[in-house]
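So the chains spell out like this:
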Amino acid sequence: MALTTVSRGGLSSGALPAYIPISTTTVTGSSVTDITIDNLPTTYDSYEFILMFHPVTDGQALYAQFIRSDGDLIENAHADYSNPYVFYFDQDGTHYSDNYDPQMELSYGAGGASNEGVRATLRFVGRNYDGATDLNKVPPQIYGHHSEFRANGYVYGGSVHAGLDIYQAAGDATVRGIKFYFASGKINTSSTISVFGIQHP
């Protein structure tokens, strides 16, 4: 089972704060295979995700994939793509990176015991990017910071930068959403993610 949140639209006009609450999703009842934030309003080009994910099993990497404007997942299973993502993240002085990967890796090694897991604040930029016309712009990216407790009970943390590979078809994609999931196993109950639209001046 997967958990999907469809973000609300039709936000009121007028003076608004810089961060506009869009949605909060919490896993209840039973664990889920992924949490998907879809149909992000075009009102904003940038979004902030604040998440706390608790894996069912130990030693989990947190992954993400984008959803393009037609609703298709940008993944290797799609005929248009082959390893369409790049990522770089630093974790306690060790860096992990790949410039040709089937998904964005955002952290590595989260534990699944009580009070373990990962917290992150992630900025998604480029919601309204159009690969056909925005030739002088960088394609959609996600970046931020994460902190996690592993199975050994120690805390690890660092920064992450990830996005679409600009040298293949993925670089032309307009992105409307994002799917979060662990490398194996499920996302446990009480995991939560809040989404905020960022109002540009």
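The model shown is predicted, which means the values in this text are computed figures rather than measured ones.

Details of the side chain of Glu 105
Right, on to step 1. With respect to the helices and strands, the residue Glu 105 is situated in strand E8 (residues 104-110).
Right, on to step 2. No salt bridge is formed by the buried Glu 105; the nearest opposite charge belongs to Arg 150, separated by 8.3 Å.

With respect to the packing of aromatic side chains
Two aromatic rings, taken as a pair, are described by how far apart their centres are and by the angle between their planes.
Right, on to step 1. Applying the stated criterion across every chain yields a total of eleven aromatic pairs.
Right, on to step 2. Judged by centre distance (5.7 Å) and plane angle (80°), the rings of Phe 49 and Phe 180 are edge-to-face. Of this pair, Phe 49 sits in strand E4 (residues 46-53) while Phe 180 sits in strand E12 (residues 175-182), and the two are 131 residues apart along the sequence. For the residue pair Phe 49 and Phe 180, the accessibility class agrees, reading buried in each case.
Right, on to step 3. With 6.1 Å between their ring centres and 25° between their planes, Phe 87 and Phe 89 make a pair best called stacked. For the pair formed by Phe 87 and Phe 89, the shared burial category is buried.
Right, on to step 4. Members of the aromatic cluster, connected to one another through ring pairs, are Phe 49, Phe 53, Phe 180 and Phe 182.
Right, on to step 5. When the ring centre of Tyr 156 is taken as origin, the NZ or CZ atom of Arg 150, which lies over that ring, is 3.9 Å away.
Right, on to step 6. Lys 179 extends its terminal NZ or CZ atom over the ring of Tyr 181, reaching a point 5.0 Å from the ring centre.

A closer look at the side chain of Asp 165
Right, on to step 1. Position of Asp 165 relative to the elements: it lies in the loop between strand E11 (155-164) and E12.
Right, on to step 2. We note that Asp 165 is buried and unpaired, the nearest opposite charge coming from Arg 68 at a distance of 14 Å.
Right, on to step 3. Polar side-chain contacts of Asp 165 include one of 2.9 Å to the backbone nitrogen of Tyr 167.
Right, on to step 4. For Asp 165, the residues in contact, after removing those within four places along its chain, are Asn 83, Pro 84, Tyr 85, Val 86, Asn 99, Tyr 100, Ala 170 and Gly 171.

Observations concerning the nonpolar core
Right, on to step 1. Judged by nonpolar contacts, the single largest core of 40 residues is most densely connected at Phe 49, Phe 53, Leu 106 and Phe 180.
Right, on to step 2. If we ignore the near neighbours within four places in the chain, the residues touching Phe 49 are Ile 37, Leu 40, Ala 120, Thr 121, Leu 122, Phe 124, Ile 142, Ile 178, Phe 180, Ile 193, Ser 194 and Val 195.

Remarks on the environment of Asp 98
Right, on to step 1. Tracing the backbone through its elements, the reader meets Asp 98 in strand E7 (residues 94-101).
Right, on to step 2. Given a relative accessible area of 26%, Asp 98 falls into the partly exposed group.
Right, on to step 3. Taking the C-alpha atoms as reference, Asp 98 lies 20 Å from Ile 67; in sequence the two are 31 residues apart.
Right, on to step 4. Not counting chain neighbours up to four residues away, the residues in contact with Asp 98 comprise Tyr 85, Val 86 and Phe 87.
Right, on to step 5. A polar contact of 2.9 Å, which involves the side chain of Asp 98, links it to the backbone nitrogen of Tyr 100.

Section: the pattern of salt bridges
Right, on to step 1. In the structure shown here, the tally under the stated rule is seven salt bridges.
Right, on to step 2. Between Asp 72 and Arg 68 there is a salt bridge; the shortest N-O distance is 3.3 Å.
Right, on to step 3. By relative accessible area, which is 29% here, Asp 72 ends up partly exposed.
Right, on to step 4. Under the relative-accessibility criterion, Arg 68 is labelled buried at 15%.
Right, on to step 5. The residue Asp 80 makes a salt bridge to Arg 68 at a minimum N-O spacing of 3.0 Å. Note that Asp 80 is positioned in the loop between strand E5 (60-68) and strand E6 (85-91) and Arg 68 in strand E5, a separation of twelve residues in sequence.
Right, on to step 6. Classification of Asp 80 as partly exposed rests on a relative accessible area of 42%.

About the criteria used
Residues numbered from 1 in each chain as written. Predicted model: local features only at pLDDT ≥ 70, side-chain atom pairs only at ≥ 80, totals over all residues. Heavy atoms only, no water. Helix = DSSP H or I, 4+ residues; strand = E, 2+ residues; numbered from the N terminus. Buried < 20%, exposed > 50% of the residue type's maximum accessible area, 1.4 Å probe, protein only. Lys, Arg positive; Asp, Glu negative; His and termini not counted. Salt bridge = Lys/Arg side-chain N within 4 Å of Asp/Glu carboxyl O. Phe/Tyr/Trp six-rings, centres within 6.5 Å; stacked < 30°, edge-to-face > 60°. Lys NZ or Arg CZ within 6 Å of the ring centre and 35° of its normal. Polar contact = N/O pair within 3.5 Å; in protein donor to acceptor, adjacent residues only side chain to side chain. Contact = heavy atoms within 4.5 Å. Core = buried A, V, L, I, M, F, W, Y, C linked by side-chain atoms within 4.5 Å.

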